[in-house]
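Working through the structure, step by step
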Amino acid sequence: MGKQVEVLPTMAGLIERALELVLAQMQSSISLSGRCTIALSGGSTPKPLYEAIANLDLPWEKIHVFWGDERYVPPDHPDSNQGMARRAWLDKVNIPAANIHPMPTDAGDPAVDASKHEAELSEFFKTPPGEFPALDIILLGMGDDGHTASLFPHTEALGVSDRLIAVGNKDGQPRLTFTAPLINSARCVIFVVAGANKRPALAQIFAPQGDEMTYPSRLIQPVGELWWLLDESAGQELKFVG
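In the annotation of an unreviewed UniProt entry, the entry for the chain reads 6-phosphogluconolactonase, and the organism field reads Microseira wollei NIES-4236. Its UniProt record gives the chain the following Sequence similarities (unreviewed entry) comment, quoted word for word: "Belongs to the glucosamine/galactosamine-6-phosphate isomerase family. 6-phosphogluconolactonase subfamily."

Next up on the list: the sheet that holds strand S7 (residues 173–178). The 3 strands lie next to each other as S4-S7-S6, forming an open sheet whose pairing is antiparallel. One side of each edge strand has no neighbouring strand; the edge strands of this open sheet are strand S4 (69–71) and strand S6 (165–170). Here the strands of the sheet are splayed against their neighbours by 25° on average, with no regard to which way each runs. In terms of strand pairing, S6 meets S7 through 6 bridges, oriented antiparallel. Each bridged residue has a counterpart across the sheet, and for Ile 165 the counterpart in S7 is Phe 178. Helix-sheet contacts for helix H4 (residues 110–125) involve S6 and S7, and the interaxial angle to S6 is about 140°.

According to the stated counting rule, one finds 1 cavity of 30 Å³ or more in the structure shown. One number sums up the size of the largest cavity: a volume of about 30 Å³. Lining the largest cavity are Ser 41, Pro 46, Leu 49, Leu 139, Leu 140, Gly 141 and Val 192. Partitioned by chemical class, the residues of the lining of the largest cavity number 5 nonpolar, 2 polar and no charged.

Conventions we followed
- Residue numbers here run from 1 along each chain, matching the order of that chain's written sequence.
- At least 70 in pLDDT is required for a residue's local features to be given in this predicted model, at least 80 for side-chain atom pairs to be given and counted, and no such filter applies to totals for whole chains, interfaces and linings, which use all residues.
- For side-chain calculations, the full set of non-hydrogen atoms in the structure is used, while hydrogens and water are omitted.
- UniProt positions are given in the numbering used here, feature names are shortened, and annotations may be inferred rather than shown by experiment.
- In this description, strands pair whenever DSSP reports at least two bridges between them.
- Labels follow the DSSP assignment, with helices taken as runs of H or I lasting at least four residues and strands as runs of E lasting at least two, numbered in each case from the N terminus.
- What counts as an axis is a line fitted to C-alpha atoms, over the stretch in contact for a helix, and the angles between N-to-C directions run from 0 to 180 degrees.
- Between two residues, a contact is recorded if the distance between any of their heavy atoms is within 4.5 Å.
- Here a cavity is any set of points on a 1 Å grid over the protein atoms alone where a 1.4 Å probe fits but cannot get out, and a pocket is any open set with protein on both sides within 12 Å along at least 5 of 7 lines; a residue lines the site when it has an atom within 4 Å of a point.
- Grid points are joined across faces, edges and corners, and a volume is the space filled by probe spheres set on the points.
- Only Asp, Glu, Lys and Arg are considered charged, only Ala, Val, Leu, Ile, Met, Phe, Trp, Tyr, Cys and Pro nonpolar, and every remaining residue, Gly among them, polar.

Following this line, the structure appears as structure tokens:
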């Protein structure tokens, strides 16, 4: 299918299109396999998307929620991606607790929790050692430095190719993150990006040649579908790229 790029005129339009696409992918996955697995992104941009999903009547027992990355803080910390998604969406719907699969952050050692979550994923998806499970949907954002998930420029996590979960690093603060190979095994990856401050990085990411270590979002080339949904501020120079 290749890379699909859509530039929406407003932030509201961006969220509406993201919702439409997520729902279509959910329906397709449930029809095919009886369930949908979705990994969420953090940050402020997807929050209205989660709030919109919370207002819908969906077959919650068939939806399993994961996270593409997590700050190494407790779930009730203001910076927790899990906490944000619970407040905006998950606490408002009748989804079984067993269907929510947060990244653990309570061992006191990010590497220990990374290994624990990797084992949890392998158990859930029944993947043998050395293989990467295929999530149905992975939602991603992008920072103005070109990072996605917690794959930051020139950090060790970018080079991890034999693990599902790596320890990311943001200014000395540890994070847990999906590795690039795990993201690239997904059936559908959806970037949702807003803001004029993202334009310089987007130009580098969409350039024919570039440096993945400096602009990590270039690493994301999934075997399944790849969607870039951008608001006008972020994507006005990329309207005809696809």
